[in-house]
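# Summary of structural features
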Amino acid sequence: MRCVCEMRLMGGVCPVPMVTLVTMAILAPFPGDHSNLARTPLLGNHQPSGRFTTLPRCAAVHCGARSPAAAGGRGRRRGARAAGLQAPGAPARPGGPVASAGGGECGRARMRLYLSEGSAQGLKVLAAAGASGARVRLERVPPDGRVVPFLTHPRVPALHLDSGTFLFSPNAICQYFFLLAGKEPNDLTNQWLEWEATELQPAVSTALYCHLVQGKKGGEVLGAIRKTLTYIDQSLTSKATPYLAGEAESVADIVLWATLFPVLRDESCLPDELQALRSWFQTMNLSEPCRSAAVSVLTPKGAQAFKVYLQKQLGPSLHWEKPAANEPEEEELAERSLSEEEIAAAAEAWARGPAALPERWQPPSPVLPVEGRRNVLITSALPYVNNVPHLGNIIGCVLSADVFARYCRLRNWNTLYVCGTDEYGTATETKALEEGLTPQQICDKYNAIHAQIYRWFDISFDYFGRTTTAHQTTIAQDIFQRLLERDMLLTDTVDQLRCERCQRFLADRFVEGTCPFCNYEEARGDQCDKCGKLINAVELKKPQCKVCKDSPVVKSSQHLFLDLPKLEGRLEKWLEQSWATGDWTANSRFITRSWIRDGLKPRCITRDLKWGTPVPLDGFRDKVFYVWFDAPIGYLSITANYTDQWERWWKNPQQVQLYNFMAKDNVPFHSVIFPCSLLGAEDNYTLVNHLVATEYLNYEDGKFSKSRGVGVFGDMAQDTGIPADIWRFYLLFLRPEGQDSAFSWTDLLLKNNSELLNNLGNFVNRAGMFVCKFFGGRVPPMELGADDRRLLAHVTLELRQYNQLLEKVRIRDALRCILSISRYGNQYIQVNEPWKRIKGHDADRTRAGTVTGVAVNIAALISVMLQPYMPCISATIQRQLCVPQACNVLTDTFLCLLPPGHQIGTVNPLFQKLENEQIEALRKRFGGGQAQAARMASADVTPPGPGGGAVLAGDPQKVKELAEEVAKQADHVRQLKASKAEKGQIDSEVAKLLELKKQLALAEGKTPEPPAPKGKKRK
């Protein structure tokens, strides 16, 4: 619903559309700091002169409901400004708040807060009112009471402002109360609120429904929220702050506490390992506003007060991700109930056999769109050519896209998967200087390295190219000319550093100097590595050209800018349609919103470099295109190098579905800048339908670092002795889909030895061995009984779930369906014991044959489903079982692919056990231990431990002791901060914590991170 009201703010009147502040649309499930994305400068970190002008936009108060797709559009962008509740043109608010909680028009008790019994959302608004000191008149209404006159359904809680405006999003009400008290939300606070609305609320609703309506207790209830609890704990631990968004309580703390409180009234039910969460929750429980709100809403009925309300709601989905276990409980496989119709349908489909499979699609060469077929175009973000990809790069882009491309081919969809190296720009010039090569030689060298790595990982590109081609120049310049002709470009002057000796403007990476914030003497022209702050190169003290060491001078340079404000309307209209029909990951939607929320700014598309696509315009011919204007066009030019009919893919949105795969840091360039370039060109370009972005994969407890020898890089994986398919499996098993994940050597060992060796490999090997050993290598006749038909139905359900998940590009979750099927198979064999029955009477031998025949057919199905994830293992299974190539088509039905009499081949084990000694050696090798040992040997120094003794890298007992001391000290620091202890005492304890962390890093064979400089963080 969209209504128009008058909002009286600071004496001004502004007609505004009313839309939702906090929606239940799919938003990012991570409260990470994206301020760097939302505020990326127009030209590196050089700001334009500011002569661009844009029309003022009216602020919007968010107090109505809107569809998820629409919520990300224009209303969503304006909403961030509306959260401040100040109309354009109104006088600036002194000190920030609209009015203090105790005075002014907004502070009077003329606001009415409507609550109803049994609504869990009432807890948060009451606590927020108390924490902010807001003066409201509380009115209780029945659950079905209609407070907001223009809504067709009851919505409480609701806040009726003295202006006549209604707020009825609980989180919006909470934010409003804090604004009245002068407590402006920061980016992190807003991101926590987004996460609470989209991740935490659904999980808690499920837990409450299980407990109050279904009567479940303990672990069954906690399982629904375990993942979200762990995430909060990890965030608190990593930041070492007492509250979610910093040192002071914010609206985010109130909102999350209120959502969790009905489930966690007794914090003793929290798992012991969630110490940071427990400490935070106890602190919130003890605060007076939270205690008062809990008494008002929950006493005396407690959480039972919500039962009547929950019973009227539709039951939530009760499927949640359980923690991975080495050996799942037996009852886990028997959770789903099957109807007789499902069992009968599965048996009927099975009986149809391979003849029921559709014919395998053989695409033309080159692959081109075909009318009447599903045409899928897949790209993975072009890797920079100047480095070697690590495991995080591989899972974030090429491997994820490869799984989906292989799956599409199994579904008989006409599929083209292209990628290549991104070769232009400053990074290439910098690398060329470092290695004493020309930019072209660097590109040739590293393109070959990338291609070899991806071949080893068995990435099935249809074409792997590069951006330094004639097609790149032609297509990029054509798009530029079309933008120019349509008045979509602007010019402006930018101040930059110029080296007179080198006769060139210096890109950020070619400048070093003293940081203006922390005085670090080797800060780069874009960022200081010591304090981490972003820098404009012209702000550096004592800047030096990295090439000749001369001091550069500040000079102005004319540049071209893409007029994003002019294209904003088209972009939002397209986004609304793409989000409504496509599968965009939650983080891609959120990051895109963060860019358009406050209005787009013109963005520079040129650079003063030599290595790039030249700008074909007089006055700018000495410049090249900025890499993030130029690089995405590489998808088009790489396809053009693959086929001269490339436009049938890239100018054919009616027939082509485009999937982009990337890590989250690349999202805004694919969701805002590149689409705006294509929309402005007005040439019927194919725009992305499905933007699939991962979070980050970390290494153990830190980050990948080539210079420090930390982490596994693509060129090293093949030297570990671990096959490529094992790497693929593990990376996909922990693919960071909803939040960051971490590679762990211990976990790799466990997953290989449990999920692959003991589960999947054990089942496939046993099924094939029984055929060879007991039936002469031929699949025996099968006489299905009730248990067999029930198994077929279970396998069919898992197959359908697998298809549904992969169609939504939920790659990690779909992998678990394969493992579930192999567990069903193992359980089936174990219960029926064919090795015993084969020695019995005729009926027993017949039963042994049926079990063996069904099992080997399940193994054949697994070989097909496994193909996108582990292509080599899949091919090995099919070779051992002699599965016909015609069977490599996936449908929603489980068919008998290997009929009685089918001859199979020689069966051998698929996997080898990983040993602890092997893994520990690899952990030390890739943990920086060798580099550390070399440095210590050259210095002939053993760093002292906390007690003055030596810290020896690789001592497991010492590592354990230090880890416990670090955890204990970190908790002590958090408690001191929460209790507002003296600054000197806190600083002393923080210093102890940093020293302990340093010793722990040394004990683990890692290089300690340099401490961050003291001082306030720049917002």
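Residues numbered from 1 in each chain as written. Predicted model: local features only at pLDDT ≥ 70, side-chain atom pairs only at ≥ 80, totals over all residues. Heavy atoms only, no water.

### Points about the overall build of the chain
- Scanning the chain from N- to C-terminus turns up 35 helices and 22 strands.
- Considering the chain as a whole, with its 1019 residues, one finds that 57% of them fall into the buried category.
- Taking all contacts inside the chain whose residues are at least 6 apart in sequence as the whole, residues at least 24 apart take part in 77%. (Helix = DSSP H or I, 4+ residues; strand = E, 2+ residues; numbered from the N terminus. Buried < 20%, exposed > 50% of the residue type's maximum accessible area, 1.4 Å probe, protein only. Contact = heavy atoms within 4.5 Å.)

### Notes on the sheet that holds strand β20 (residues 690-694)
- Judged by pairing direction, the sheet is parallel, and its 5 strands sit side by side in the order β9-β8-β7-β19-β20 without closing on themselves. The open sheet has two edge strands with one neighbour each: β9 (463-466) and β20. Strand-to-strand, the axes of this sheet are offset by a mean angle of 20 degrees, without reference to chain direction.
- In this structure, strand β7 (residues 375-380) lies alongside strand β8 (residues 414-421), joined through 5 bridges in parallel fashion. Considered in β8, the bridge of threonine 379 is made with valine 418.
- With respect to the sheet, helix α16 (residues 439-456) is in contact with β8 and β9, its orientation differing from that of β9 by roughly 160 degrees. (Pairing = 2+ DSSP bridges. Axes fitted to C-alpha atoms, helices over the stretch in contact; angles between N-to-C directions.)

### Looking at the confidence of the model for the chain
- Per-residue confidence for the chain averages 79 on the pLDDT scale, and 77% of its residues sit at or above 70.
- Considering only residues more than four positions removed or in separate chains, one finds that residues 1-109, a stretch of pLDDT under 50, has 282 contacts. (pLDDT = per-residue confidence, 0-100.)

### Some details on the packing of aromatic side chains
- Overall, the coordinates contain 34 aromatic pairs when judged by the stated rule.
- Between the aromatic rings of tryptophan 257 and phenylalanine 261, the centroid separation amounts to 5.0 Å while the plane-to-plane angle is 40 degrees, which identifies the pairing as tilted.
- Plain terms: the ring middles of tyrosine 407 and tryptophan 413 are 5.9 Å apart, the flat faces sit at 90 degrees to each other, and that makes the pair edge-to-face.
- Judged by relative accessible area, tyrosine 407 falls into the buried class, the value being 0%.
- Its relative accessible area of 10% is what places tryptophan 413 among the buried residues.
- By the ring-pair criterion, three or more aromatic residues cluster together here, those being Tyr699, Trp727, Tyr730, Phe743, Trp745 and Phe926.
- A cation over a ring is seen here: arginine 607 above tyrosine 626, with NZ or CZ 4.0 Å from the ring centre.
- Sitting over the ring of phenylalanine 733, arginine 816 keeps its end group 4.1 Å from the ring centre. (Phe/Tyr/Trp six-rings, centres within 6.5 Å; stacked < 30°, edge-to-face > 60°. Lys NZ or Arg CZ within 6 Å of the ring centre and 35° of its normal.)

### Some points on unusual backbone geometry
- Here the residue pair serine 365 and proline 366 is connected by a cis peptide bond, since its omega of 0 degrees sits within 30 degrees of zero.
- Within the fold, proline 366 resides in the loop between α13 (340-352) and β7.
- Positive phi, close to 65 degrees, is recorded for asparagine 519, a residue that is not glycine.
- Structurally, the position occupied by asparagine 519 is in the loop between β12 (511-514) and β13 (523-524).

### Some details on the side chain of aspartate 630
- Residue placement: aspartate 630 occurs in helix α20 (residues 627-630).
- The side chain of aspartate 630 sits in the buried core without any salt bridge; arginine 607 is the nearest counter-charge, 12 Å away.
- Only 3.0 Å separates the side chain of aspartate 630 from the side chain of threonine 613, close enough to count as a polar contact. (Lys, Arg positive; Asp, Glu negative; His and termini not counted. Salt bridge = Lys/Arg side-chain N within 4 Å of Asp/Glu carboxyl O. Polar contact = N/O pair within 3.5 Å; in protein donor to acceptor, adjacent residues only side chain to side chain.)

### Focus on the pairing of strand β15 (residues 553-562)
- Of the pairings in the sheet, the one linking strand β10 (residues 489-499) to β15 comprises 10 bridges and is antiparallel in character. Bridge assignment links leucine 497 to a residue of β15, and that residue is valine 554.
- The pairing of β15 with strand β16 (residues 603-604) spans 2 bridges and is classified as antiparallel. Residue pairing in the sheet places leucine 562 in a bridge with arginine 603 of β16.

### Examining helix α27 (residues 786-807)
- A rise of 1.5 Å per residue sets the reference length of α27, with its 22 residues, at 32 Å; its end C-alpha atoms lie 32 Å apart and thus fit the reference within 8%.
- Within two residues after α27, valine 809 carries a phi angle of roughly 60 degrees, on the positive side. (Expected span 1.5 Å × (residues − 1).)

### Some words on the nonpolar core
- With 186 residues, the main nonpolar core has Ile378, Ile479, Trp727, Trp745, Tyr802 and Tyr869 as its most contacted residues.
- Tallying contributions element by element places helix α14 (residues 391-410) first for this core, with 13 residues.
- The next biggest cluster of nonpolar side chains, apart from the first, holds 61 residues, and it includes Tyr176, Val204, Ala224 and Tyr231. (Core = buried A, V, L, I, M, F, W, Y, C linked by side-chain atoms within 4.5 Å.)

### Section: the pattern of salt bridges
- Per the stated rule, a full pass over the model turns up 41 salt bridges.
- Put simply, arginine 597 and glutamate 194 hold a salt bridge, and the shortest N to O gap is 3.4 Å. In this pair, arginine 597 is assigned in the loop between α19 (586-596) and β16 and glutamate 194 in helix α6 (residues 187-213), connecting sequence segments 403 residues apart. Taken as a pair, arginine 597 and glutamate 194 share a single burial class, namely buried.
- Between glutamate 500 and lysine 555 there is a salt bridge, with the nearest N and O atoms lying 3.0 Å from each other. Here lysine 555 lies in strand β15 and glutamate 500 lies in the loop between β10 and β11 (504-505), a separation of 55 residues in the sequence.

### What to know about the sheet that holds strand β3 (residues 111-115)
- Pairing within the open sheet is mixed, and its 4 strands lie in the order β4-β3-β5-β6. Here the strands that pair on one side only, and so sit at the sheet edges, are β4 (136-140) and β6 (166-167).
- The sheet contact formed by β3 and β4 spans 5 bridges and is parallel. Across the sheet, leucine 113 pairs through a bridge with leucine 138, a residue of β4.
- Against the sheet, helix α4 (residues 121-132) engages β3 and β4, with an angle of about 150 degrees to β3.

### Considering the packing of α19 against helix α23 (residues 667-681)
- Where α19 meets α23, the closest approach of the two axes is 9 Å, and the angle between their N-to-C directions is 55 degrees. With respect to their mutual orientation, α19 and α23 come out oblique. Pair α19 / α23 crosses with right-handed handedness. From α19, Ser588, Ile591, Thr592, Trp595 and Ile596 reach across to α23, where they touch Val667, Pro668, Ser671, Val672 and Ile673.
- Of the residues that constitute the contact of α19 with α23, the class distribution is 7 nonpolar, 3 polar and no charged. (Parallel < 35°, antiparallel > 145°, perpendicular 65-115°, else oblique. Left-handed = near helix turned anticlockwise from the far one by under 90°. Nonpolar A, V, L, I, M, F, W, Y, C, P; charged D, E, K, R; others polar.)

### Considerations on the environment of arginine 135
- Tracing the chain through its elements places arginine 135 in the loop between α4 and β4.
- Given the relative accessible area of 43%, arginine 135 is considered partly exposed.
- Along the chain, arginine 135 and leucine 180 lie 45 residues apart, while their C-alpha atoms are 10.0 Å from each other.

### Considerations on helix α30 (residues 842-865)
- For α30, which comprises 24 residues, the first-to-last C-alpha distance of 35 Å matches the rise-based estimate of 34 Å (1.5 Å per residue) to within 8%.
- With 19 of its 24 residues buried, α30 lies for the most part within the structure.

### Concerning the packing of helix α26 (residues 745-775) against helix α32 (residues 916-926)
- Across the interface, α26 lies against α32 with an axial gap of 9 Å and an inter-helix angle of 150 degrees. The orientation of α26 with respect to α32, classified from their angle, is roughly antiparallel. Between α26 and α32 lies a crossing whose hand is right-handed. Taken together, the residues of α32 that come into contact with α26 (itself represented by Trp745, Thr746 and Leu749) are Asn916, Ile919, Leu922, Arg923 and Phe926.
- Here the contact of α26 with α32 is built from residues that sort into 5 nonpolar, 2 polar and 1 charged.

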